Amino acid sequence: MAWRTMDSCYGSNDVGSVLLDQPFKLWSKIIDTVSCGGGKRPKKKSESKNLISLPQQPRSDKLSELLKQPERWENEEKDEDVRRKEEKLEELKRVAKKLQQQSSLELVLEGTTEVRRLAKEDSQARTTLALLGVIPPLVALLDAEDPTSHSQIAALYALLNLAIANDANKEAIVRAGALHKMLKLIQSPSDSANLAVTEAVVANYLGLSASDSNKPIIGSSGVIPYLVKTLKDFDGTSSYQTKHDSLRALYNLSIETTNLFPMLETDLIPFMLSKLGDMDVSERILSILGNVVAIGGGRKAISNVPDAFPTLIDVLNWTDSQGCQEKASYILMVMAHKSYGHRQVMIEAGIVSSLLELTLVGSTLAQKRASRILERLRVDKGKQVSGNCGGGGLSAPLCGPSNQLKKSLEEDEDDGMISQERNAVKQLVQTSLQNNMERMVKRANLPHDFVPSDHFKSLASSSTSKSLTF
């Protein structure tokens, strides 16, 4: 009975197994649900077969197509670029072939016009046309017998465009013998028809002279006297552009030292010094003089021109053109360094005050050059003092009755010189500041009777210049 009661309380083995199996079955269902993808009902075989028969991942195919599209576009662009280059090359070949038709002047002129057009703005076309051999027939066209000069003008401008930013073409044009043919053209009797030829020839000389390897060849070809003549143009037959091109070509040629000697054989130096003051050409002229001053003959040619030093010293006061100030100070610095006589002429021309002002208001480069000139002049002054009072023997008493008196006299003299120089510097500072204030007034459109404040004047009067060499 007791056993039966225990049986009834705890139940049979089947009941116990059910109670124990329930938690395991629950966990089993959870695991099956996760592993089967969220507890969805299992698909039947027929449904599975139907799904397999449908196209797989259509979205993936579209994405793949979209990813391949840029590659297709790139290939199409490459093909288009290759096609355009092939067409361009065929066009250039046709043009070069026209220039080879020496029996037909009309075809040659047509090809020349096309070369000028194609080479104007296309750097690759310039290189390709030169490789196709267009330069020799263009140079040969300069000898054509054309009373109107149309053939020569067309050839000149075609060569000019071929030489733009292309040193290889510049050198090839010179090697083909263009220099002497051009010179022959401009040496012919002048008339109204040849003015265009002159402009084209000078423009070509300017372009060709930009190449360093061409500079000595052009200088020795005899073109420098003609460029000087075109620049001076006393008969008024050259245009404004032609004159500027001549000046720029002369500057390019002056960079080569061997070209300075034929320049000095002309009257270029006096003419350029007479033109200083024309702001359109002054900086270029000073650049040429800066190259000329490098040789002794150039310095002599400059010093032989009347009023050359006063003219150059006056440039130091051009506060509105720092480039001119820097170049003029360089020329004067070189000449002062090389010759004591030139330094004395500079002092007589009043260079010291201009240099002092330049050290205050000039650019950094101009200040440095002005300081070097002042230092050179100061050394000369020191030598003169030591030469006058440094003798020995019987000449010693001429410097004073005693060493103590001599020393006191020298100190008084030095103090007087220093005080005078300080006063001069103060006056220069005041003048310079006043000039700057007037320029600022003009630029600000203030009234002409504008007076600076007392504070500004006090700054000017109390200013010192310890950086000066004196």
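Given the structure is predicted, the values throughout are model-derived calculations rather than measurements.

**Concerning the overall build of the protein chain**
Broken down by element type, the protein chain carries 25 helices and zero strands. In the protein chain, which comprises 470 residues, the proportion classed as buried is 34%. When contacts within the protein chain are restricted to residue pairs at least 6 apart in sequence, long-range pairs at least 24 apart make up 66% of them.

**Concerning the pattern of salt bridges**
Counted according to the given criterion, the structure contains 18 salt bridges. A salt bridge links Arg343 to Asp380, with the shortest nitrogen-to-oxygen separation between them at 2.4 Å. Here Arg343, found in helix H21 (residues 340-348), pairs with Asp380, found in helix H23 (residues 364-389); they are 37 residues apart in sequence, far enough to count as distant. For Arg343, a relative accessible area of 5% translates into the label buried. Given the relative accessible area of 6%, Asp380 is considered buried.

**With respect to the side chain of Ser151**
Tracing the sequence through the fold places Ser151 in helix H8 (residues 150-162). With sequence-adjacent residues up to four places away left out, Ser151 is seen in contact with Leu105, Leu109, Leu141, Ala144 and Asp146.

**Points about unusual backbone geometry**
Phi at Ser149 takes a positive value of approximately 65°, unusual for a residue other than glycine. On the secondary structure map, Ser149 appears in the loop between helix H7 (135-140) and H8. For Ala165, which is not glycine, the phi dihedral falls at a positive 50°. Mapping Ala165 onto the fold places it in the loop between H8 and helix H9 (167-175). Classification of Ala165 as exposed rests on a relative accessible area of 76%.

**Brief notes about the UniProt feature "coiled-coil region" (unreviewed entry) in the protein chain**
The UniProt entry lists residues 75-105 under the feature "coiled-coil region" (unreviewed entry), expressed in the numbering used here. A helix fraction of 84% and a strand fraction of 0% characterise residues 75-105, whose end C-alpha atoms lie 44 Å from each other.

**Comments concerning the packing of aromatic side chains**
All chains considered together, the criterion is met by zero aromatic pairs. Note that Arg284 overlies the ring of Tyr251, its terminal NZ or CZ placed 5.4 Å from the centroid.

**Comments concerning the packing of helix H13 (residues 224-232) against helix H14 (residues 240-254)**
Viewed as axis vectors pointing N to C, H13 and H14 meet at an angle of 140°, and their least axial separation amounts to 8 Å. Relative to H14, the element H13 lies oblique. Between H13 and H14 the crossing geometry is left-handed. Contacts between H13 and H14 involve Ile224, Leu227, Val228, Thr230 and Leu231 on the former and, on the latter, Thr242, Lys243, Ser246, Leu247, Ala249, Leu250 and Leu253. Partitioning the contact of H13 with H14 into residue classes produces eight nonpolar, three polar and one charged.

**Describing the environment of Ser246**
Mapping Ser246 onto the fold places it in helix H14. What makes Ser246 buried here is its relative accessible area of 0%. In contact with Ser246, other than residues within four places in its own chain, are Val202, Leu227, Thr230 and Leu231.

**Focus on the confidence of the model for the protein chain**
Looking at the protein chain as a whole, the pLDDT averages 79, with 65% of positions reaching at least 70. Throughout residues 33-40 the model reports pLDDT below 50, and contacts reaching past four residues in sequence, or to other chains, amount to two contacts. The low-confidence segment residues 44-52, where pLDDT is below 50, has two contacts with residues more than four positions distant or belonging to other chains.

**Remarks on the environment of Arg299**
Structurally, the position occupied by Arg299 is in helix H18 (residues 296-303). According to the relative accessible area criterion, Arg299 is buried, its value standing at 15%. Linking Arg299 and Val334, residues 35 residues apart in sequence, is a C-alpha distance of 8.8 Å. Among residues more than four places away in sequence, those in contact with Arg299 are Val292, Val293, Ala294, Val334, Met335, Lys338 and His342. There is a polar contact of 3.0 Å between the side chain of Arg299 and the backbone oxygen of Val293.

**Quick notes on the packing of H14 against helix H17 (residues 282-292)**
The contact between H14 and H17 brings their axes to 9 Å, and the two run at 25°. In terms of orientation, H14 and H17 fall into the roughly parallel class. Handedness of the crossing formed by H14 with H17: left-handed. Here Leu247, Arg248, Leu250, Tyr251 and Ser254 of H14 lie close against H17, whose contacting residues are Arg284, Ile285, Ser287, Ile288 and Asn291. Its residues assigned to classes, the contact of H14 with H17 comprises five nonpolar, three polar and two charged.

**Re the environment of Leu107**
Along the polypeptide, Leu107 turns up in helix H5 (residues 105-119). When its relative accessible area of 32% is taken as the criterion, Leu107 is described as partly exposed. In this structure, the C-alpha to C-alpha distance between Leu107 and Lys97, residues ten residues apart in sequence, is 9.3 Å. Not counting chain neighbours up to four residues away, the residues in contact with Leu107 comprise Lys98 and Gln101.

What counts, and where the lines are drawn
Residues numbered from 1 in each chain as written. Predicted model: local features only at pLDDT ≥ 70, side-chain atom pairs only at ≥ 80, totals over all residues. Heavy atoms only, no water. Helix = DSSP H or I, 4+ residues; strand = E, 2+ residues; numbered from the N terminus. Buried < 20%, exposed > 50% of the residue type's maximum accessible area, 1.4 Å probe, protein only. Contact = heavy atoms within 4.5 Å. Salt bridge = Lys/Arg side-chain N within 4 Å of Asp/Glu carboxyl O. UniProt positions renumbered as here; feature names shortened; annotations may be inferred. Phe/Tyr/Trp six-rings, centres within 6.5 Å; stacked < 30°, edge-to-face > 60°. Lys NZ or Arg CZ within 6 Å of the ring centre and 35° of its normal. Axes fitted to C-alpha atoms, helices over the stretch in contact; angles between N-to-C directions. Parallel < 35°, antiparallel > 145°, perpendicular 65-115°, else oblique. Left-handed = near helix turned anticlockwise from the far one by under 90°. Nonpolar A, V, L, I, M, F, W, Y, C, P; charged D, E, K, R; others polar. pLDDT = per-residue confidence, 0-100. Polar contact = N/O pair within 3.5 Å; in protein donor to acceptor, adjacent residues only side chain to side chain.

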